[in-house]
Protein chains: 2
Amino acid sequence: MQQNIFRKFLEDRGWRLTKQRNAILQKAFSCKGHFDPESLYMEMRKKGMKASRASVYRTLNLLCECGLVGKVSKTEHGTIYEHTLGSHHDHMVCTDCGEIIEFYSESLEKLQEEICREMDFEGKSHILEIRGHCRHCRMKKNVLGGESSNG
Amino acid sequence: MQQNIFRKFLEDRGWRLTKQRNAILQKAFSCKGHFDPESLYMEMRKKGMKASRASVYRTLNLLCECGLVGKVSKTEHGTIYEHTLGSHHDHMVCTDCGEIIEFYSESLEKLQEEICREMDFEGKSHILEIRGHCRHCRMKKNVLGGESSNG
DNA sequence: ATAATTGCAAAATATTTGCCTACTT
DNA sequence: AAGTAGGCAAATATTTTGCAATTAT
């Protein structure tokens, strides 16, 4: 469980799992998908959990260091995070509506390992983001454009 | 040639290919690999080409809009760009020394297309970044760690 | 007591924008 | 003359940091 992992990470260096750190951890893991520091901070305030912005940023950095949380990408609106318990996956991003779709392909993982071997590079992790248009937005466009959907 | 593409892009909207815009364009395309706005700006100053930071940012945005230049990623040190004439490729990033290695795999491209088909997603582009350790840094570590290289 | 932690506000960093001047046509 | 472009400095947004007060062991 994530709390124990984090506690161990902290105790190994003589640090403490404080109320704030734990609250931030819980909140991060309560997000189904992706989150950014500011939203996490605001959500916490709404729920009455008190932690400062500084603590949110500081704790997210700790969570990254210990691997429980990873940076997905940096955007105009700040860094996007996700928690990393659960299986690895990649992302498709719809550039129309912004939806982020997770997917996983064993062949893709295997192929990347093979490419790393060929290039003599020790791959540790990867971020793949396929950008394009989701079905929903494509359908919307077809309706507007009047394209027929069956032959 | 990139200058004509950019000129056309600008003239189509009644804008001009000015000395500064051209200088920034040339500088961007003179970078073999990746660059960031600040370095580009500093390099330009060194070479005596005069353009303000604001113009660099403004022009890079224009170059992105017209597709001559693309954002590779956002890092702690700002946005990394590359010019997009020449072939598509992906990146391996060494987390030890920061080196960025370009690679291309036809199979990988094909496989991604297939995945998109399966997921009913219209993929337009992608960014793949494999993070890990380059050969050089691995060798350095082995020397330090005293690990033998043949059994 | 000691050392870690917090929250705040200030600082740092990257980027955008407002405004006024200077070109270009 | 009209509109575009440039440069500067101020504004913005995100994230980090210094510091004094607080907390846990």
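As the structure is a prediction and not an experimental result, all values here were calculated from the model.

1. Some words on the protein's contact with DNA strand D
1) Next: With respect to spatial proximity, 21 residues lie near DNA strand D, and among them Tyr57 and Thr79 of chain A together with Thr18, Arg21 and Ser55 of chain B are the closest.
2) Next: Counting only atoms of DNA strand D within 4 Å of the protein, the sugar-phosphate share comes to 70%.
3) Next: Tyrosine 57 of chain A has a polar side-chain atom sitting 2.5 Å from a phosphate oxygen of DNA strand D.
4) Next: Within the backbone of serine 52 of chain B, an N or O atom sits 3.0 Å from a phosphate oxygen of DNA strand D.
5) Next: The element contributing the most residues to the surface near DNA strand D is helix α4 (residues 53–65) of chain A, with four residues.
6) Next: Residue composition of the surface near DNA strand D, grouped by class: six nonpolar, nine polar and six charged.

2. Re the protein's contact with DNA strand C
1) Next: Around DNA strand C, the surrounding shell holds 22 residues, and the nearest of these are Arg16, Thr18, Arg21 and Ser55 of chain A together with Thr79 of chain B.
2) Next: Asparagine 61 of chain B places a polar side-chain atom, nitrogen or oxygen, 3.4 Å from a phosphate oxygen of DNA strand C.
3) Next: Sorting elements by how many residues they give to the surface near DNA strand C places helix α4 (residues 53–65) of chain B first, with four residues.
4) Next: Taken together, the residues of the surface near DNA strand C break down into six nonpolar, nine polar and seven charged.

3. Describing the state of the cysteines
A covalent bond between the sulfur atoms of two cysteines is referred to as a disulfide.
1) Next: Scanning all chains against the criterion turns up zero disulfides over all chains.
2) Next: Free of any disulfide, cysteine 116 of chain B has its nearest cysteine sulfur in cysteine 94 of chain A, 12 Å distant.
3) Next: Classification of cysteine 116 of chain B by relative accessible area gives buried; the value is 8%.
4) Next: Considering cysteine sulfurs only, cysteine 94 of chain B is the nearest to cysteine 134 of chain B, which forms no disulfide, with 3.7 Å between them.
5) Next: Residue cysteine 134 of chain B is classed as buried on the basis of its relative accessible area of 4%.

4. Remarks on the domain arrangement of chain A
A common measure of how large an interface is: the accessible area buried when the components associate.
Residue and element names in this part refer to chain A.
1) Next: Looking at the assigned domains, one finds that chain A contains domain 1 (1–84) and domain 2 (87–151).
2) Next: Relative to domain 2, the C-alpha centre of domain 1 lies at a distance of 27 Å.
3) Next: Every contact between the two is made by five residues of domain 1 and, on the other side, six residues of domain 2.
4) Next: Scanning the region where domain 1 abuts domain 2 turns up zero salt bridges.
5) Next: The tally of links from domain 1 across to domain 2 stands at three residue pairs in polar contact (both at pLDDT 80 or more).
6) Next: The element contributing the most residues to the side of domain 1 that touches domain 2 is strand β2 (residues 69–75), with three residues.
7) Next: Its residues placed into classes, the side of domain 1 that touches domain 2 shows one nonpolar, two polar and two charged.

5. Side note on the packing of aromatic side chains
Residues and elements named next belong to chain B.
1) Next: Tallying each qualifying case throughout the model produces four aromatic pairs over all chains.
2) Next: Aromatic side chains phenylalanine 6 and phenylalanine 9 sit 6.4 Å apart centroid to centroid with 15° between the ring planes, which places their arrangement in the stacked category. In this pair, phenylalanine 6 and phenylalanine 9 both sit in helix α1 (residues 2–11), three residues apart, roughly one turn of the helix. In terms of burial, phenylalanine 6 and phenylalanine 9 fall into one category: buried.

Cut-offs applied
- Residues numbered from 1 in each chain as written.
- Chains lettered and ligands numbered in written order.
- Predicted model: local features only at pLDDT ≥ 70, side-chain atom pairs only at ≥ 80, totals over all residues.
- Heavy atoms only, no water.
- Near = heavy atom within 4 Å.
- Polar contact = N/O pair within 3.5 Å; in protein donor to acceptor, adjacent residues only side chain to side chain.
- Helix = DSSP H or I, 4+ residues; strand = E, 2+ residues; numbered from the N terminus.
- Nonpolar A, V, L, I, M, F, W, Y, C, P; charged D, E, K, R; others polar.
- Disulfide = S-S within 2.5 Å.
- Buried < 20%, exposed > 50% of the residue type's maximum accessible area, 1.4 Å probe, protein only.
- Domains from an automatic or database assignment.
- Contact = heavy atoms within 4.5 Å.
- Salt bridge = Lys/Arg side-chain N within 4 Å of Asp/Glu carboxyl O.
- Phe/Tyr/Trp six-rings, centres within 6.5 Å; stacked < 30°, edge-to-face > 60°.

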